[in-house]
Amino acid sequence: MTTITNIEDLRVLARRRVPRMFYDYADSGSWTEGTYRANEADFQKIKLRQRVAVDMDNRSTAVKMIGIDAAMPVAIAPTGLTGMQHADGEILGALAAKRFGIPFTLSTMSICSIEDIAAATQAPFWFQLYVMKDRGFIERLIDRAKAANCSALVLTLDLQILGQRHKDLKNGLTAPPRLTIPNLINLATKPRWCWHMAQTRRRQFGNIVGHVSGVENMGSLSEWTAKQFDPKLNWGDVEWIKKRWGGKLILKGIMDVEDARLAADSGADALIVSNHGGRQLDGAQSSIEALPAIVAAVGPRIEVWMDGGIRSGQDVLKAWALGARGTMIGRAFLYGLGAMGEAGVTRSLEIIQRELELTMAFCGHTRLQNVGKDILLPGTFPV
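All of these numbers come straight from a predicted model, not from anything done at the bench.

1. Concerning the overall build of the protein chain
Each helix and strand counted, the protein chain has 15 helices and 10 strands in total. In the protein chain, which comprises 383 residues, the share counted as buried stands at 58%. Summarising the internal contacts of the protein chain: among those between residues at least 6 apart in sequence, 74% fall at separations of at least 24. Working note: accessible area of the protein chain is about 15700 Å², and carbon and sulfur atoms make up 52% of it. Looking at charge distribution, the protein chain has the averaged site of its 46 positive side-chain charges lying 3 Å from that of its 39 negative ones.

2. Thoughts on the sheet that holds strand β9 (residues 303-307)
Sheets are built from strands that pair by backbone hydrogen bonding, the pairs being arranged parallel or antiparallel. Reading across the sheet, the 8 strands line up as β3-β10-β9-β8-β7-β6-β5-β4 and stay open at both edges, with parallel pairing between neighbours. This sheet does not close on itself; its edge strands, each paired only once, are β3 (74-76) and β4 (105-106). Sheet strands touched by helix α11 (residues 235-245): β5 (126-129), β6 (152-156) and β7 (249-254). Its angle to β6, the strand with the most contacts, is close to 165°.

3. Things to note about the environment of P103
By the secondary structure assignment, P103 is in the loop between α4 (89-100) and β4. P103 sits 38 residues away from M65 along the chain, and the two C-alpha atoms are 8.9 Å apart. The residues touching P103, leaving out its near neighbours within four places in the chain, are A70, V74, A75, I76, A97 and W126.

4. Looking at unusual backbone geometry
One non-glycine residue with positive phi stands out, namely L81, at about 60°. Among the secondary structure elements, L81 is positioned in the loop between β3 and α4. According to the relative accessible area criterion, L81 is buried, its value standing at 5%. In this structure, N149 takes a positive phi of about 65° despite not being glycine. Inspection of the secondary structure assignment puts N149 in the loop between α6 (135-147) and β6.

5. Regarding the side chain of D9
Note that D9 resides in helix α1 (residues 7-17). Of the side chains bearing the opposite charge, R347 lies closest to the buried D9, which forms no salt bridge; the N-O distance is 7.6 Å. Engagement of the side chain of D9 in a polar contact is seen with the backbone nitrogen of T5, the distance being 2.8 Å.

6. Quick notes on the pairing of β9
Across the 5 residues that make up β9, a large majority, 4, are buried. Pairing of strand β8 (residues 270-273) with β9 involves 4 bridges; the strand directions are parallel. Along β9, the bridge assignment pairs L271 with V304. Regarding topology, helix α13 (residues 287-298) serves as the crossover connection from β8 to the parallel β9, and that connection is right-handed. As paired elements, β9 and strand β10 (residues 327-329) share 2 bridges and run parallel to each other. Opposite M306, over in β10, you have T327 as the bridge partner.

7. Some words on the pattern of salt bridges
On inspection of all chains with the given rule, the structure shows 21 salt bridges. Between D265 and R301 there is a salt bridge, with its nearest N and O atoms 2.3 Å apart. In this pair, D265 sits in helix α12 (residues 257-265) while R301 sits in the loop between α13 and β9, placing the two residues 36 residues apart along the sequence. By sharing partners, the salt bridges in this structure join D88, D116, R201 and R202 into a single network.

8. Some points on the state of the cysteines
Simply put, disulfide is the name for a covalent bond between the sulfur atoms of two cysteines. Taken as a whole and judged by the stated rule, the model has 0 disulfides. The cysteine C112 is free of any disulfide, with C150 supplying the nearest cysteine sulfur at 14 Å. With relative accessibility at 0%, the residue C112 sits in the buried group.

9. Digging into the packing of α4 against helix α5 (residues 114-121)
Two numbers describe how α4 lies on α5: the axes approach to 9 Å, and their chain directions differ by 40°. Classified by the angle between their axes, α4 and α5 sit oblique to one another. The two elements α4 and α5 meet at a crossing, and its hand is right-handed. Counting all contacts with α4, which are made through E90, I91, A94, L95 and K98, the residues of α5 involved are D116, I117, A120 and T121. Split into classes, the residues belonging to the contact of α4 with α5 amount to 5 nonpolar, 1 polar and 3 charged.

10. A short note on the side chain of R165
You can see R165 is positioned in the loop between β6 and α7 (166-171). For the buried residue R165, which engages in no salt bridge, the nearest side chain bearing the opposite charge is D168, 4.6 Å off. A polar side-chain atom of R165 sits 3.1 Å from the main-chain carbonyl oxygen of R279. R165 has contacts with Y25, G29, S30, L159, H276, R279 and Q280, leaving out every residue within four places of it along the chain.

11. Thoughts on the packing of aromatic side chains
Each aromatic ring pair is specified by the distance between its two centres and by the angle formed by the two planes. With the rule as written, the count across this model stands at 4 aromatic pairs. Between F104 and F333, the ring centres sit 6.5 Å apart and the planes meet at 85°, which makes this aromatic pair edge-to-face. Here the residue F104 occupies a position in the loop between α4 and β4, and F333 occupies one in helix α15 (residues 331-362), the gap between them amounting to 229 residues. F333 shares its class with F104; the two are buried. Across the ring face of Y25, the terminal group of R279 is positioned such that the distance to the ring centre comes to 4.6 Å.

What counts, and where the lines are drawn
- Residues numbered from 1 in each chain as written.
- Predicted model: local features only at pLDDT ≥ 70, side-chain atom pairs only at ≥ 80, totals over all residues.
- Heavy atoms only, no water.
- Helix = DSSP H or I, 4+ residues; strand = E, 2+ residues; numbered from the N terminus.
- Buried < 20%, exposed > 50% of the residue type's maximum accessible area, 1.4 Å probe, protein only.
- Contact = heavy atoms within 4.5 Å.
- Areas by Shrake-Rupley, 256 points an atom, 1.4 Å probe, with all protein chains shown as cover.
- Lys, Arg positive; Asp, Glu negative; His and termini not counted.
- Charge placed at Lys NZ, Arg CZ, Asp CG, Glu CD.
- Pairing = 2+ DSSP bridges.
- Axes fitted to C-alpha atoms, helices over the stretch in contact; angles between N-to-C directions.
- Salt bridge = Lys/Arg side-chain N within 4 Å of Asp/Glu carboxyl O.
- Polar contact = N/O pair within 3.5 Å; in protein donor to acceptor, adjacent residues only side chain to side chain.
- Right-handed = clockwise from strand over helix to strand, strands pointing away.
- Disulfide = S-S within 2.5 Å.
- Parallel < 35°, antiparallel > 145°, perpendicular 65-115°, else oblique.
- Left-handed = near helix turned anticlockwise from the far one by under 90°.
- Nonpolar A, V, L, I, M, F, W, Y, C, P; charged D, E, K, R; others polar.
- Phe/Tyr/Trp six-rings, centres within 6.5 Å; stacked < 30°, edge-to-face > 60°.
- Lys NZ or Arg CZ within 6 Å of the ring centre and 35° of its normal.

So yeah, pure geometry; function would need other evidence.
Right, here's the structure in full:
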């Protein structure tokens, strides 16, 4: 594929180059995958109003997200096992984001560690926190994020228990890959991936292995993580984490109006309307469908962002028009990473920004700050 024109091109290329178990991990949802598909499909139902004979010169997609300058209202979402889409994937994603001028978020379940990203980028990034039963480990994670100069903490609230993803079970997902005969055969068809992985020492969960007593390898890690996600997570824990962190706090996983009000009451700086990419509760609303009611409920009390299904700059513009003051991309970034490494991440960001800028102009605007619901065709968007 010599010409990459959209995110779908990157997805097709990533599917060719990434081992099946890791590609499927990124490109799947829970149970029937209905919510996963709805996240993307519901954007397509929203129609835009084209305007003509307006000044389209001097366009800009620049914004601020929780007071931080961004080249467009997009941040790279925290994604687990990113370093298994491509060797050193988190480092490559962070470098691409830094150079492009948008925030990068590192997952607790990353392959590269907090310290790896800090050393490679020497620039502030965001860290995403999962709450484990081992509160001492959580305290140490927060302290490590502070020491690495992370500029925001993204607290994920919708993974107290793990949704079932059929493809992961069928593939026997592990990191590094379990060397079964089917997996060995599949790996043999991915020489580019294997060559890059052979060049790195980062093949385990860098934020956990060596930082938890008794967890020194992937076998002990699997046993530890299976028991550690805390089903008792509550708003009292959010308050405790906010105090312990002391910096900008973003709450990810809000899909309900009442939960949005509680998020605003918590004093967090932003909330992210997100159903975890359709990977948790199958049958839930799409994120874009849930967005307008949440924006209406919390008003100016807290910044509202959204995550889930964004595959283009048009999707970003539609989310902005419905009140999101930021968006996050997960799969769109992973497709680029799996396809072409750092260059692929950069290409995904270029595609999204170019589509955002052109669509904004076709709708009669040159600045995002002036864009509202008036760019959407009445009757085609959720209210």
